[in-house]
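Residues per chain, in single letters:
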Amino acid sequence: MRKLLWLVAGGLGLASWAAALDIPLSIVERAGVDRIDNHVNSGIPLPLGAYKDTARFALYGADGKVIPAEFVIRERWLKDDSIRFMTVHFSTAQKANETAKVTVKDDGKAVALPKPVAVTEAADSVTVDTGAVKFTVKKGEWRLFEQVELQGAPLLREPGKVIFKAEYGRTPVENEIATPPGEGEVKDAQAMIKEIAVEEKTPGRAVVWVKGSFQEGGADKLDFQARYYATAGSEAVRVMVSLINRQGKAWDEFVGIRSLGFELPMKLDGDAKFAVGSSEGDDLAGALAAADKVVVLQPSSLEYSVTGKVEAKGKCKELNTQRVGWISLGGKSAELTAAVRWFWQLHPKGLAAAGDGTMKVYLVPPQKEKVTVPAEEYSEPLTRIDLYTGAAKTHEVLFSFHKPGTPAEARARAMSVVAPLFAACEPAWYCQK
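Notes on the structure follow. (Residues numbered from 1 in each chain as written. Predicted model: local features only at pLDDT ≥ 70, side-chain atom pairs only at ≥ 80, totals over all residues. Heavy atoms only, no water.)

**Concerning the overall build of the chain**
Of the regular secondary structure elements, the chain holds three helices and 34 strands. For the chain, the C-alpha radius of gyration of 23 Å lies close to 22 Å, the compact-globule estimate for 433 residues. Projected onto its principal axes, the C-alpha coordinates of the chain cover approximately 70 × 60 × 50 Å. Taken over 433 residues, the chain has a buried fraction of 51%. For the chain, contacts bridging at least 24 residues in sequence account for 66% of all contacts bridging at least 6. Put simply, the chain shows about 20,000 Å² of open surface, and 50% of that area lies on carbon and sulfur atoms. (Helix = DSSP H or I, 4+ residues; strand = E, 2+ residues; numbered from the N terminus. Rg over C-alpha atoms; globule rule 2.2 N^0.38 Å. Buried < 20%, exposed > 50% of the residue type's maximum accessible area, 1.4 Å probe, protein only. Contact = heavy atoms within 4.5 Å. Areas by Shrake-Rupley, 256 points an atom, 1.4 Å probe, with all protein chains shown as cover.)

See the structure below:
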C-alpha cells in the first residue's frame, strides 16, 4: 500500500500494473437533513500506467452490493496515455448527519444502469430522457424547458418563461473618482438561444449546453450560457447559468440587472400544495387556492421574509443555515421542487409559488427599494446587480420533477444543490502527508 501511495504522489509508475484497486470513499452529510435522489461525484487520481479505460471499475456500498455508477475519464498521463484522473457519478439517499462508505474496485463486476440516459438531437432542439424524467430544450426564445414529462405525462401547461429586466449605463467619474451610478430606465429584454449542443453523452449522464444573449430590439445586451446536467434514473435536472458582459466597450459600462427569473407553469390536477424551507423550526407548508401565492424574498444575507399565504421571517447568516433556498409546488400526481445554490450568501434571491400552478425562481428578484442593513454588517442590500464590462456571474439551480410527497421529502431532494454531497478519498490516496 505504501508503494502504491508513493506511485500516486510521485507521479511514477510501472510498465504493468498488478496491484488490485481498492479505494474507500466517504460521503459525509453535514447539513443535518435527510437526502433523496442526491447526485454525488468524486474525483479520483490514478497512478501512471495503471489503467487505459474504466471498463473494470465498480462501486460498492457498505453492504457489499454493487451501486450503479459511471466512471468518466477526465485526464490522461502524457507519457503513456493511461488514466491520470477520473470522476465517478451516482445518485444516493442518505440519513441526516450520516457518513456513508463506498469503495471503488477494479474487479470488473460493475452493474449496468437500469435504463441509460437517452438523448435525441434535432436541428434546433435536444430532448433528454433519464428514465425518470424527460425534458426538451430548444433554440430560439429561451424558455428553460419547452416541455417536461414524468412517466410519460406532460407536466407543463405551456413552455417556461425567462424574465429579464435591466438598466444600462456608465459609472460617473469626476476628478478620477468614481461614484455609484444612480437608477436609470428599466427595460425588458428577450432571452434568445443561438447555439445548442450535447456537450457530454454517456449511458449514465448527459450535459446539454446552450449559448445566447438577452436582446432588446434585436441587439445583444448581455450574453448567457447554460448547462443542463441529467443523470440516469434521476428525476432532477441541475442547471448552471452564467451571465457574461461582452457587450461593454469601456471599463465603466455596466448592465444593471433588475430582474432575472425562470417561470414554469405546472399542470395541477387538484388542489395545490406548497412547501418552503425555513431556517428555524419546521418548514412552512400548506394548501394554495387558485388565487393564492407564497413568496420568499432574500434581500440580504441577514434575513429572509415569506409573504402571501403564510407570513414569516428567518435568520440566515447568524445561523449559517443550510435549510433555506428551496420551494416545492404540486398537485395530486406531480410536484416540482426547485432550489438555488448559495441562496442567501449571493443575495438578492427570490422564490414564488402560486395556486394556479406557476412557480418562479428569481436569481435577481424585483425589488422596489433597498432594505435597511446595520452598518457593521457586511451584507449589501441591492435592488439590482451591476455587471461591468468583462464581468461574469454563475448560478446553480435544481429542478426536481417527482411524485407528490411530504415537505421533508421535498427538502431532501432540494439539498442536492443547497448542500451538495461529495465522495472523498482517504487523504492518503491524494498524497502521503
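Still more to cover.
**Quick word on the pairing of strand 12 (residues 147-150)**
Burial along strand 12 is one-sided: the face carrying Val148 and Leu150 is buried and the face carrying Gln147 and Glu149 is not. Relative to strand 12, strand 10 (residues 133-138) is paired through four bridges, and the arrangement is antiparallel. By the bridge assignment for strand 12, Thr136 is matched with Gln147. Sheet topology places strand 12 next to strand 13 (residues 153-154); two bridges connect them, and they run antiparallel. For Glu149, the partnering residue across the bridge sits in strand 13 and is Pro154. What sits between the antiparallel neighbours strand 12 and strand 13 is a turn of two residues, in which Gln151 has the positive phi angle 50°. (Pairing = 2+ DSSP bridges.)

**Brief notes about the pattern of salt bridges**
Scanning all chains against the criterion turns up 24 salt bridges. Arg227 is the salt-bridge partner of Glu199, the closest N and O atoms lying 2.7 Å from each other. Linking Glu199 in strand 18 (residues 190-201) with Arg227 in strand 20 (residues 219-231), this pair joins segments that are 28 residues apart in sequence. Take Arg227: its relative accessible area is 24%, and that puts it in the partly exposed class. Beyond isolated ion pairs, a larger network of salt bridges with shared partners links Glu167, Glu183, Arg258, Arg384 and Asp386. (Salt bridge = Lys/Arg side-chain N within 4 Å of Asp/Glu carboxyl O.)

**Considering the sheet that holds strand 13**
Read from one edge to the other, the open sheet built from five strands follows the order 8-9-10-12-13, with strand pairing classed as antiparallel. Both outer strands of the open sheet, strand 8 (118-121) and strand 13, are each paired with one neighbouring strand and no more.

**Re the side chain of Arg205**
Residue position: Arg205 is located in strand 19 (residues 205-216). Given the relative accessible area of 9%, Arg205 is considered buried. In terms of polar contacts, Arg205 uses its side chain to reach the side chain of Glu200, at 2.5 Å. Apart from the residues lying within four places of it in its own chain, the contact partners of Arg205 are Glu70, Arg74, His89, Val117, Glu200, Tyr229, Ala230 and Thr231. (Polar contact = N/O pair within 3.5 Å; in protein donor to acceptor, adjacent residues only side chain to side chain.)

**Considerations on the pairing of strand 32 (residues 385-388)**
Of the two faces of strand 32, the one holding Ile385 and Leu387 is buried and the one holding Asp386 and Tyr388 is not buried anywhere. The sheet contact formed by strand 22 (residues 253-265) and strand 32 spans four bridges and is antiparallel. Across the sheet, Ile257 pairs through a bridge with Ile385, a residue of strand 32.

**A word on the nonpolar core**
Nonpolar side chains tend toward joint burial in soluble globular proteins. Ranked by internal contacts, the top residues of the largest apolar core, which has 74 residues, are Trp142, Phe145, Phe214, Tyr228, Ile257 and Phe399. Once residues within four sequence positions are removed from consideration, Phe214 is found in contact with Val162, Phe164, Ala189, Gln190, Ala191, Ala219, Asp220, Lys221, Leu222, Phe224, Leu243 and Leu260. In terms of nonpolar packing, the next biggest core, distinct from the first, is built from 24 residues, Ile23, Leu25, Leu46 and Phe90 among them. (Core = buried A, V, L, I, M, F, W, Y, C linked by side-chain atoms within 4.5 Å.)

**Observations concerning the environment of Asp63**
With respect to the helices and strands, the residue Asp63 is situated in the loop between strand 3 (58-60) and strand 4 (66-67). Asp63 gets classed as exposed once you look at its relative accessible area, which sits at 57%. As a C-alpha pair, Asp63 and Val102 span 39 residues in sequence and 9.1 Å in three-dimensional space. Reaching out from Asp63, the side chain makes a polar contact with the backbone nitrogen of Lys65 at a distance of 3.0 Å.

**With respect to the sheet that holds strand 23 (residues 272-276)**
In any sheet, the strands associate via hydrogen bonds between backbone groups, in a parallel or an antiparallel arrangement. The strand order 11-18-19-20-21-33-29-28-23-24 describes an open sheet built from ten strands, whose pairing is antiparallel. Two strands lie at the open edges of the sheet, namely strand 11 (140-141) and strand 24 (284-288), each paired on one side alone. Inspection of the sheet shows strand 23 paired to strand 28 (residues 326-330) by four bridges, in the antiparallel sense. Paired with Lys273 across the bridge in strand 28 is Gly330.

**As for helix 2 (residues 407-418)**
Helix length check: helix 2, at twelve residues, gives a terminal C-alpha distance of 15 Å against a target of 16 Å (1.5 Å per residue), a fit within 8%. The buried count for helix 2 comes to nine of twelve residues, which makes it a mostly enclosed element. Looking at helix 2, one finds that the buried residues are Ala410, Arg411, Ala412, Arg413, Ala414, Met415, Ser416, Val417 and Val418. Summarising the contacts, the buried residues of helix 2 are in contact with strand 2 (35-45), strand 21 (236-244), strand 28, strand 29 (335-340) and strand 33 (392-402). (Expected span 1.5 Å × (residues − 1).)

**A look at unusual backbone geometry**
Trans is the prevailing form of peptide bonds, just as negative phi is the prevailing case for residues other than glycine. Looking along the chain, the bond that leaves His347 and enters Pro348 is cis, with omega of 0°. Here Pro348 lies in the loop between strand 29 and strand 30 (349-354). For Asp81, which is not a glycine, the phi torsion comes out positive at approximately 65°.

**A closer look at the side chain of Thr171**
Within the fold, Thr171 resides in the loop between strand 14 (161-170) and strand 15 (173-174). For Thr171, the contacting residues outside a window of four places in its chain are Ala178, Thr179, Pro181, Asp252, Phe254 and Tyr388.

**Some points on the packing of aromatic side chains**
Applying the stated rule across the entire model yields twelve aromatic pairs. Where Trp142 meets Phe262, the ring centres are 5.5 Å apart and the plane angle is 75°; that geometry is what we call edge-to-face. With Trp142 in the loop between strand 11 and strand 12 and Phe262 in strand 22, the pair connects residues that are 120 residues apart, well separated along the chain. In this structure, Trp142 and Phe262 share a single accessibility class: buried. Ring-pair connections join several aromatic residues into one group, and the members of that group are Phe135, Phe145, Tyr228, Phe399 and Phe401. (Phe/Tyr/Trp six-rings, centres within 6.5 Å; stacked < 30°, edge-to-face > 60°.)

What is shown is where atoms sit, not what they do.
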